[in-house]
Every structure is written in structure tokens, then in C-alpha cells.
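Descriptive analysis of the structure
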Amino acid sequence: MGIKAVLNPDHIPTNKYQLIIVGMPAVTFTTISGMELEVDMVDLPDRTRATGGNPKAVEFTAEMPMHHAIELAAMELWMEEAQDPVSLTYKKAGTLIMTSGSGDIIKTYSMIGIFCSKRKLPDLSFESEGDMAVVEWTFQVDTLLPI
């Protein structure tokens, strides 16, 4: 039996997604890293582990084209909100939307308390063949909920 026989049709491809941040313009993220949800653990005296009950904050990265000037300026302003003096609006809400090939299946995740914690400018080299410069952003999310 082949893999197509066991998979449901109309899969969700990894290139049909949108990350929407409330209060921000639409930003073109060319890549978004996987988002891991992990629960705190405690080590017990018998050397086993048990859940601590609380999920940890979720961290992920996303890249955007450096030449998207308006989007980059908006991201830079948002990053400044998390720096001293910290703005009351530095944490935002967001939604990750993933869509199947036909558009009939949509999977969404709600992000509560998302903010930028790091910005990484691109590596530069004369040896490059003119690759597109991208800015990598690291995000922290208090709560990631499937909708």
C-alpha cells in the first residue's frame, strides 16, 4: 500500500500560509520556523518526570525580504516597543493561517501575547550570487492555541 492510500486528499502544503499580527500591516514572511509547544516538567525523587502543568512560552523565527521597506519599518517600530521605555502595546495578538491546496481546508492558530525579541540582519558576502537579503525576526508567544 502506497502513502497516497493512507493520506487524506487535499493536504496542507508548507508554502500556503499567512501570519497576521493585529495592529501591523501585512508582512510578507518568506519562511516561518516550526513552533513547539512544551509543557514544564518536574523531576521526581524516583527519577521519573511529571508535568508541571504550565506550557512554556513559544519561540519561533520568521524571515522577511529586506527590500520591503514599509513592512521593515513597521517591524522595526514594533521591535522598539519592547525596548526601554517598554510600550504598553509591545505584546500583540496574531493568527497563523495555513491553507490546503484547494483552499477548502484551513488550519489556524491564535497567538496571544506575541512580541519581537530579536532581529538578525543578513550575512553579507561578495561571493554571493546576489541572493535576496532577508531580515530574521525572533518572536515570543505567551499562548499558542489551535482554533
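Scope of this entry: the structure provided in the associated data block. Values in this document were obtained by computation on a predicted structure and should not be read as measured data.

**Quick word on the overall build of the protein**
The number of helices and strands found in the protein is 1 helix and 8 strands. Projected onto its principal axes, the C-alpha positions of the protein cover 50 × 50 × 35 Å. Counting every position in the protein, which comprises 147 residues, the buried fraction comes to 26%. Residue pairs in contact within the protein that sit at least 24 positions apart in sequence constitute 65% of those at least 6 positions apart. Of the roughly 10,200 Å² that the protein leaves accessible, carbon and sulfur atoms contribute 57%.

**Here's the deal with unusual backbone geometry**
With an omega of 0°, the peptide bond between Asp84 and Pro85 qualifies as cis. Among the structural elements, Pro85 can be located in the loop between helix H1 (69-81) and strand E6 (92-99). Phi is positive for Asp10, which is not a glycine, with a value near 65°. Relative to the helices and strands, Asp10 resides in the segment before strand E1 (17-21).

**Observations concerning the packing of aromatic side chains**
For the structure shown, the criterion picks out 4 aromatic pairs. For the ring pair Phe29 and Phe139, a centre distance of 6.0 Å and an interplane angle of 85° mean the geometry is edge-to-face. Taken as a pair, Phe29 in the loop between E1 and strand E2 (31-32) and Phe139 in strand E8 (residues 134-146) lie far apart in primary sequence, 110 residues in all. Here Phe29 matches Phe139 in class, with each residue buried. Note on Trp78 and Phe139: the rings are 5.8 Å apart at their centroids and 40° apart in plane angle, and the pair reads as tilted. Linking Trp78 in helix H1 with Phe139 in strand E8, this pair joins segments that are 61 residues apart in sequence. Overall, the relative accessible area of 1% leaves Trp78 in the buried class. Through a chain of ring-to-ring contacts, three or more aromatic side chains come together here, namely Phe29, Phe60, Trp78 and Phe139. For the cation-ring pair, Lys107 lies above Tyr109, with the distance from its terminal atom to the ring centre recorded as 5.1 Å.

What counts as what
Residues numbered from 1 in each chain as written. Predicted model: local features only at pLDDT ≥ 70, side-chain atom pairs only at ≥ 80, totals over all residues. Heavy atoms only, no water. Helix = DSSP H or I, 4+ residues; strand = E, 2+ residues; numbered from the N terminus. Buried < 20%, exposed > 50% of the residue type's maximum accessible area, 1.4 Å probe, protein only. Contact = heavy atoms within 4.5 Å. Areas by Shrake-Rupley, 256 points an atom, 1.4 Å probe, with all protein chains shown as cover. Phe/Tyr/Trp six-rings, centres within 6.5 Å; stacked < 30°, edge-to-face > 60°. Lys NZ or Arg CZ within 6 Å of the ring centre and 35° of its normal.

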